[in-house]
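# Coordinate analysis (summary)
So you can see what is in the structure, the chains are spelled out below.
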Amino acid sequence: TLVPKTTLQTAIGVRHPQRFAVVAELLRERGIPFVRRSSNAPVPADIDIVLGDSMGEMPGYFAAADVAFIGGSLLPLGGQNLIEPISMGRPTLIGPHMFNFAEAAAGAIAAGAAIEVADAPALLGAVAALLEGKVARDGRPTAYVCERGVCALPTTDPDTMARLLAKTTPLP
């Protein structure tokens, strides 16, 4: 295991509303217990997955994250916006298929603001290395984005996500 089960929680931020039910069904089919953000229910201690099935909350997920992975990048799907987690100073992992954000990905990798992983096993290894402190987190992500005119202050305050999420309304 990467870390003790009780210390690792994963938020899956789904960017497109038409995918909310699809992703929920994929989790159910695989027997993975999860809580939908739209339920507004507390996350039980035995649940490790929060399905972000609401709009406008991605910044909250990144603000609360210790590590961010950019979906759609392990398979040839083109990736998603990696500037959001980088601007918050989050170690950001990407797969090899970031063709929709090729310039941003190449610049972030060159600056040390993003780490490219080849596949799912490499992703797990990189997450473990970051969480265990084997890979330095030295502020390069925030510096890289701030140099390009987009900047946000990183936070590790556990109340930040709660405040951000309290200001939003989940979709019905």
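Quick note: structure is the one above.
The structure reproduced in this document is the subject of the present report. Everything numeric here is computed off the predicted structure, so don't read it as measured data. (Residues numbered from 1 in each chain as written. Predicted model: local features only at pLDDT ≥ 70, side-chain atom pairs only at ≥ 80, totals over all residues. Heavy atoms only, no water.)

### Quick look at the sheet that holds strand β2 (residues 34-36)
For clarity, the cut-off: Here, any two strands with at least 2 DSSP bridges between them count as paired. In DSSP terms, a helix is any run of H or I states spanning at least four residues, a strand is any run of E spanning at least two, and both are numbered starting from the N terminus. In this analysis an axis means a line fitted to C-alpha atoms, helices contributing only their contacting stretch, and an angle means the value between N-to-C directions, from 0 to 180 degrees. Contacts are residue-level and defined by heavy atoms, with any inter-residue pair within 4.5 Å sufficient.
Sheet architecture is open: 3 strands sit in the order β1-β3-β2, paired in parallel fashion. Both edges of this open sheet fall to β1 (10-13) and β2, since each of them pairs with a single strand only. Taken over all neighbouring pairs, the strand axes of this sheet differ in orientation by 25 degrees on average, direction set aside. The strands touched by helix α1 (residues 20-29) within the sheet are β1, β2 and β3 (49-52), with β2 carrying the most contacts at an inclination of about 165 degrees.

### Focus on the environment of alanine 68
In this structure, alanine 68 sits in strand β4 (residues 68-69). Considered as a pair, alanine 68 and alanine 114 are 46 residues apart in the sequence and their alpha carbons are 9.6 Å apart. When near neighbours in sequence (up to four residues on either side) are disregarded, alanine 68 contacts Phe62, Pro85, Pro91, Thr92 and Leu93.

### Let's talk about the sheet that holds strand β6 (residues 114-116)
Spatial strand order, β4-β5-β6: 3 strands in an open sheet with parallel pairing. The sheet is open, and its two borders are formed by β4 and β6, each paired with just one other strand. In the sheet, strand β5 (residues 92-94) pairs with β6 via 3 bridges, with the strands oriented parallel. Counterpart to isoleucine 94 in the pairing with β6 is glutamate 116.

### Quick notes on the pairing of β3
For the record, the criterion: Relative accessibility decides the category of a residue: with a 1.4 Å probe and only protein chains considered, values under 20% of the type maximum give buried, values over 50% give exposed, and everything between is partly exposed.
Both faces of β3 are covered, namely the face carrying Ile49 and Leu51 and the face carrying Val50 and Gly52. Bridging between β1 and β3 involves 4 bridges; their strand directions are parallel. Paired with alanine 11 across the strands is valine 50, a residue of β3. Relative to β3, β2 runs parallel, the two sharing 3 bridges. By the bridge assignment for β3, valine 35 is matched with valine 50.

### As for the nonpolar core
Stated precisely, the cut-off is as follows: The set of buried Ala, Val, Leu, Ile, Met, Phe, Trp, Tyr and Cys residues whose side-chain atoms join them within 4.5 Å is what this entry labels a nonpolar core.
Counting residues in each nonpolar core, the largest one holds 9 residues, listed as Ile70, Leu82, Ile86, Ile94, Met98, Ala105, Ala108, Ala113 and Ala114. In this view, alanine 114 contacts Leu82, Ile86, Thr92, Ala108 and Ile109; residues no more than four positions away in its chain are not counted. Of all hydrophobic cores here, the second largest spans 8 residues; its members include Val14, Ala24, Leu27 and Ile49.

Distances and angles like these do not, on their own, reveal function.
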